Amino acid sequence: MSVFKLNLFNNKVYKLMDVFLGKVVSMNWGMKNRLNRIINPKTGHCVMLAVDHGFFQGPTTGLRNLGKTINPLIPYADALMITRGGIRNWIPPEMDKPIILRMSGGTSILKELSNEIITTTVEDAIRINASAITCSIFVGAEFEQQSIANLSHLVNEGQKYGIPVLAVTAVGKEMARDARFLGLASRIAVEIGAQIVKTYFCDDFEKVVEACGNTPVVIAGGKKIDEKDALQMAKNARDKGAVGVDMGRNIFQSDNPIGMIKAVRAIIHDGMAVEDAFKIYKE
Ligand code: R5P
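Calculation notes
For every chain, the first residue of its written sequence is number 1, and the numbers climb from 1 along that sequence. Owing to the predicted nature of the model, reporting of local features is limited to residues with pLDDT of at least 70; listing and counting of side-chain atom pairs is limited to 80 or more, with chain, interface and lining totals taken over all residues. A run of H or I in DSSP counts as a helix once it spans at least four residues, and a run of E counts as a strand once it spans at least two, with each numbered from the N terminus. As defined in this context, the radius of gyration uses C-alpha atoms, and a globule is described by 2.2 Å times the residue total to the power 0.38. Exposure classes come from backbone-placed C-beta atoms, where a residue is buried if 20 or more other C-beta atoms lie within 10 Å of its own, exposed if 12 or fewer do, and partly exposed in between. Two residues qualify as being in contact provided that their C-beta atoms, derived from the backbone, are within 7 Å of each other.

(A) The overall build of the chain, seen in detail. A tally of helices and strands in the chain yields 13 helices and 10 strands. On C-alpha atoms alone, the chain measures out to a radius of gyration of 20 Å, which is about the 19 Å that the 2.2 N^0.38 rule sets for 283 residues. A total of 283 residues make up the chain; the buried ones form 45% of that total. Taking the contacts inside the chain whose residues are at least 6 apart along the sequence as the reference set, 66% of them involve residues at least 24 apart.

Next up, the structure:
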């Protein structure tokens, strides 16, 4: 309506506004739609399944044959975090869950991990039909600036096409996984423009969530731990404001991966008590 009024008033303004509004409106819709595909708008929560480990760890335990381990879990995940090689080698295109595409890499566990580059173009992310794109930032590490520039590049590209960016706050060996460090890294990700922040659970986690303002926060699972402890961590993170998890090893390295992802879902989406969720894992 306002565009029509502008048209009557000044044809030149109308044309400029048409282009401007057309782009902004459609971009916002696409961005919101993609985010709603990942974070369930009914519960406000999400269970992402992270299986991108091979981009720097090679054939990680549980992911040697990625398809064999992961395809049975897909029905229980809200989204899959994966590389383009992971998708094209192991995931059938009939799969209808949103993809969070890992766009950075260029390092291995044998070298300095913070020395990442962007390995994947946004055009390839669009070809893959990614619902979000992702890279890591290494705050406090040797290549801190380069990794933040990577995030900035993805945010700028994502804004052009309405694709949200999930920023992973990587933690170097010398960094403490505490609220001060994770709050610092997460807030930097928010200020650069990430639409979702992935970080680690820690004491005083609510301070990390608070540092992220309105930006949703998910936690990584980290190294494999006892199932009940992993469920407790998911519950604690939810209680302290995380919208969910982006969990990998604590699901696919479990002795009952399907039971485990179902249990995590019950905690994240339904707020189930850990004892009850543990029974689901055991079933
Ligand atoms: C980290 O950079 C990658 O995104 C990992 O694949 C992801 O954080 C792993 O998830 P988890 O720690 O739960 O195995």
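(B) Structural detail: the environment of Thr-107. The residue Thr-107 is located in the loop between β4 (104–105) and β5 (117–118) in this model. Linking Thr-107 and Ile-117, residues 10 residues apart in sequence, is a C-alpha distance of 8.4 Å. The residues touching Thr-107, leaving out its near neighbours within four places in the chain, are Phe-56, Glu-112, Leu-113, Asn-115 and Glu-116.

(C) Region of interest: unusual backbone geometry. The backbone of Asn-129 sits at a positive phi, close to 70°, despite the residue not being glycine. Structurally, the position occupied by Asn-129 is in the loop between α6 (122–127) and β6 (132–137). A positive phi is found at Asp-204, a non-glycine position, where the angle reads about 55°. One can find Asp-204 in the loop between β8 (196–199) and α9 (205–211). For Asp-204, a count of 14 C-beta atoms within 10 Å translates into the label partly exposed.

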